[in-house]
Number of protein chains: 2
Amino acid sequence: MAKSTIVLDEIDRRILRLLQQDGRIAVTLLAEQVGLSATPCLRRIRRLEEAGVIARYAAVVEPSRVGLPIQAFVQVALSSHAEEVAAAFHKALAARGEVIAAYAMSGGMDYMLHVVAADFEAYADFALKALLRMPGVKETRSSFVLMALKPPGAVPV
Amino acid sequence: MAKSTIVLDEIDRRILRLLQQDGRIAVTLLAEQVGLSATPCLRRIRRLEEAGVIARYAAVVEPSRVGLPIQAFVQVALSSHAEEVAAAFHKALAARGEVIAAYAMSGGMDYMLHVVAADFEAYADFALKALLRMPGVKETRSSFVLMALKPPGAVPV
DNA sequence: CCTGAAATTGCCGCTAA
DNA sequence: TTAGCGGCAATTTCAGG
C-alpha cells in the first residue's frame, strides 16, 4: 500500500471499471475485455492492489435484505474540538456497527454519519441512547433515506 | 433476486461478514472458517446472491489514489416535486459519474449526494455548471469531507 | 503453454418434520 | 417419506509461473 500517486493508463482504468462492477470476475475474462493476455493483466491488478488503488474486495450487501431497511444520514456537531474529545468520539463511533460510514466535515456540522437500523425504534435507541451520549456530542441532525437513487457505486476512473 | 425476506442463520451471517471483508476469499477457505465443507458453503453463497442479499461483488477503489481527492456531501432541494421534474433530475444525476451515491431524503432538503472530484475547480464546475442547472434544482448545500473516519464499510449482519 | 489449486456439479447419506 | 442440508468425488476452469 504505497502512498505515492500512481500513474494509470487507459488499460488500468478499464481494469478498475470492470473490477468495480464485478470484483470476482475471472482474470482470464477481464484480460480478454481489456485486450491483454492473462499474465500482464494480473500483473496490473497486483500493482493496483499494492499501490492501494484497490483497497480491498467486498461483497456488497443490501441492507434492506438483511433486516436493516432504515437508513439515515446524521450530521453531528461536537462541543469541543480538543484532541482527546475527538479521539474518544471516533472510538465510540468505531464501536457502533450501525454506523457504516463516518466522515469529518467542513462547515457548520463536524461529522457526517451514514447509519442503518432495523426499524425506527432501533434508530431512536441509537440516536438518543448512543450517539447523543458519545463524548463531546453537542448536536445531531438526522435525515432519513426515502429511496436510494444511486446506491454506493463505482468511483469514476 | 427475489424480493422476499430471507431467513439467515448464524452461518449465513458469518459468511456475509467474511465476504464483506474479503469478497475474493476462496470458497474453500471461507467454508473452513464457518465450519462447513465447500459444497454447502457455495450453495449458501449462491442462495444469498439469488436472494439479492449479496447485490454484487466489487473492488473497492480509493478515490484519492485515482486522482479524486475531493469528496463532498451535497444536499439538494428541488423547486418542484412534479414527477417529470424529479425524473429528469434523476436522469441528470445518473449521467454524472462524479456522483457516486444519491439518495432521496426526508426533511428539509430533498436529496443527498456523495460526490468526488479531482480538485476544487472540478468540484466548482460540477456544483455550478452541472448540478445547479439540473432540472428543478432550487438550492444546494455542499459540505466537504476533511477526513474519512470510517470509509464505506460493512453492513452489520 | 503447463501445473496445481479452486470452483462447480452430480450423487449419496443423514436428520427432522 | 420427503424436503432440506451436508459431504465426498469427479470434472472443468482458473491462477500463477
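Parameters and conventions
Residues numbered from 1 in each chain as written. Chains lettered and ligands numbered in written order. Predicted model: local features only at pLDDT ≥ 70, side-chain atom pairs only at ≥ 80, totals over all residues. Heavy atoms only, no water. Least-squares fit on C-alpha atoms with pLDDT ≥ 70 in both. Contact = heavy atoms within 4.5 Å. Near = heavy atom within 4 Å. Polar contact = N/O pair within 3.5 Å; in protein donor to acceptor, adjacent residues only side chain to side chain. Helix = DSSP H or I, 4+ residues; strand = E, 2+ residues; numbered from the N terminus. Nonpolar A, V, L, I, M, F, W, Y, C, P; charged D, E, K, R; others polar. Buried < 20%, exposed > 50% of the residue type's maximum accessible area, 1.4 Å probe, protein only. Arc of directions from axis to C-beta. Buried area = accessible area lost by both parts, 1.4 Å probe. Salt bridge = Lys/Arg side-chain N within 4 Å of Asp/Glu carboxyl O. Pairing = 2+ DSSP bridges. Phe/Tyr/Trp six-rings, centres within 6.5 Å; stacked < 30°, edge-to-face > 60°. Lys NZ or Arg CZ within 6 Å of the ring centre and 35° of its normal. UniProt positions renumbered as here; feature names shortened; annotations may be inferred. 1 Å grid on protein atoms, 1.4 Å probe; cavity = no way out; pocket = protein on both sides within 12 Å on 5 of 7 lines; lining within 4 Å. Points joined across faces, edges and corners; volume = space filled by probe spheres on them.

Draft legend 1. Up close: the relation of the copies chain A and chain B. When chain A is fitted to chain B, the best match, at an RMSD of 0.1 Å, comes from turning it 180° and sliding it 0.0 Å along the axis. The two molecules are tied by a two-fold rotation axis, judged by turn and shift. Here 100% of the interface residues in chain A have copies in chain B that are interface residues too; the copies meet face to matching face.

Draft legend 2. Focus on the protein's contact with DNA strand D. Around DNA strand D, a shell composed of A:Ala26, A:Val27, A:Thr28, A:Thr39, A:Leu42, A:Arg46, B:Leu36, B:Ser37, B:Thr39, B:Pro40, B:Arg43 and B:Arg44 is seen. Near the protein, meaning within 4 Å, the atoms of DNA strand D are sugar or phosphate in a fraction of 62%, with bases accounting for the rest. Between DNA strand D and B:Thr39 there is a distance of 2.6 Å, counted from a base nitrogen to a side-chain nitrogen or oxygen. The contact in question runs from a base nitrogen of DNA strand D to an N or O atom on the side chain of B:Arg43, over 2.4 Å. Of all the elements in the fold, those that place two or more residues in the surface near DNA strand D are helix H2 (27-34) and helix H3 (38-50) of chain A together with helix H3 (38-50) of chain B. With 4 residues, the top contributor of residues to the surface near DNA strand D is H3(B). When its residues are assigned to classes, the surface near DNA strand D shows 5 nonpolar, 4 polar and 3 charged.

Draft legend 3. Looking closely at helix H5 (residues 120-130) of chain A. Residues and elements named next belong to chain A. Residues of H5 that are buried include every one of Tyr-123, Phe-126, Ala-127 and Ala-130, and no others. Buried residues of H5 fall within an arc of 120° about the axis and therefore sit on the same side. H5 presents Phe-120, Glu-121, Leu-128 and Lys-129 as exposed residues on the side facing more than 90 degrees away from its buried surface. Packing partners of the buried residues in H5 comprise strand S2 (70-78), strand S3 (99-105), strand S4 (111-117) and strand S5 (137-150). Where H5 begins, the side chain of Asp-119 points an oxygen toward the backbone nitrogen of Glu-121, at a separation of 3.2 Å.

Draft legend 4. Molecular detail of the interface of chain A and chain B. Counting residues at the interface gives 64 residues for chain A and 65 residues for chain B. Roughly 5800 Å² is buried in total at the junction of chain A and chain B, and carbon and sulfur atoms are behind 58% of that figure. For the pair chain A and chain B, the number of links is 0 salt bridges. In this assembly, chain A and chain B are joined by 37 residue pairs in polar contact (both at pLDDT 80 or more). Elements that contribute at least two residues to the side of chain A that touches chain B include exactly helix H1 (10-21), strand S1 (54-61), S2, helix H4 (83-94), S3, S4 and S5 of chain A. Looking at the side of chain A that touches chain B residue by residue, the class counts come to 43 nonpolar, 12 polar and 9 charged. Taken together, the 7 bridges between S1(A) and strand S1 (residues 54-61) of chain B define a ladder with antiparallel strand orientation. In the sheet register, A:Ala59 faces S1(B), and the bridge partner there is B:Tyr57.

Draft legend 5. Structural detail: the protein's contact with DNA strand C. Residues and elements named next belong to chain B. Every residue close to DNA strand C is listed here: Ala-26, Val-27, Thr-28, Thr-39, Leu-42 and Arg-46. Between a phosphate oxygen of DNA strand C and a side-chain N or O atom of Thr-28, the distance comes to 2.8 Å. In the environment of DNA strand C, a phosphate oxygen lies 2.5 Å from a nitrogen or oxygen atom belonging to the side chain of Arg-46. Looking at the surface near DNA strand C, the elements that each hand over two or more residues are helix H2 (27-34) and H3. Tallying contributions element by element places H3 first for the surface near DNA strand C, with 3 residues. A per-class count over the surface near DNA strand C returns 3 nonpolar, 2 polar and 1 charged.

Draft legend 6. Molecular detail of the packing of aromatic side chains. In total, this model carries 11 aromatic pairs over all chains according to the counting rule given. A ring pair is formed by A:Phe120 and A:Phe144, whose centres lie 5.2 Å apart and whose planes are at 70°; its orientation type is edge-to-face. Of this pair, A:Phe120 sits in helix H5 while A:Phe144 sits in strand S5, placing them 24 residues apart in sequence. A cation sits over an aromatic face here: A:Arg24 above B:Tyr57, 4.9 Å from the ring centre.

Draft legend 7. Examining the UniProt feature "domain: HTH asnC-type" (unreviewed entry) in chain A more closely. The feature "domain: HTH asnC-type" (unreviewed entry), as annotated in UniProt, sits at residues 8-69 of chain A in this numbering. Annotated as 53% helix and 13% strand, the span residues 8-69 of chain A places its first and last C-alpha atoms 38 Å apart.

Draft legend 8. Region of the structure containing the pattern of salt bridges. Residue and element names in this part refer to chain A. On inspection of all chains with the given rule, the structure shows 18 salt bridges over all chains. Residue Asp-9 is joined to Arg-44 by a salt bridge in which the shortest nitrogen-to-oxygen separation is 3.0 Å. Residue Asp-9 is located in the segment before H1, and its partner Arg-44 is located in helix H3; the two are separated by 35 residues in the primary sequence. In this structure, a network of salt bridges that share partners links the residues Asp-9, Asp-12, Arg-44 and Arg-47.

Draft legend 9. Quick peek at the layout of surface pockets. Reported here for the second largest pocket is a volume of approximately 250 Å³. When residues of the lining of the second largest pocket are traced back to their parent elements, those giving at least two are S5 of chain A together with strand S5 (137-150) of chain B. When residues of the lining of the second largest pocket are assigned to their parent elements, the largest contribution, 3 residues, is made by S5(B). Of the residues belonging to the lining of the second largest pocket, the class tally is 3 nonpolar, 11 polar and 2 charged.

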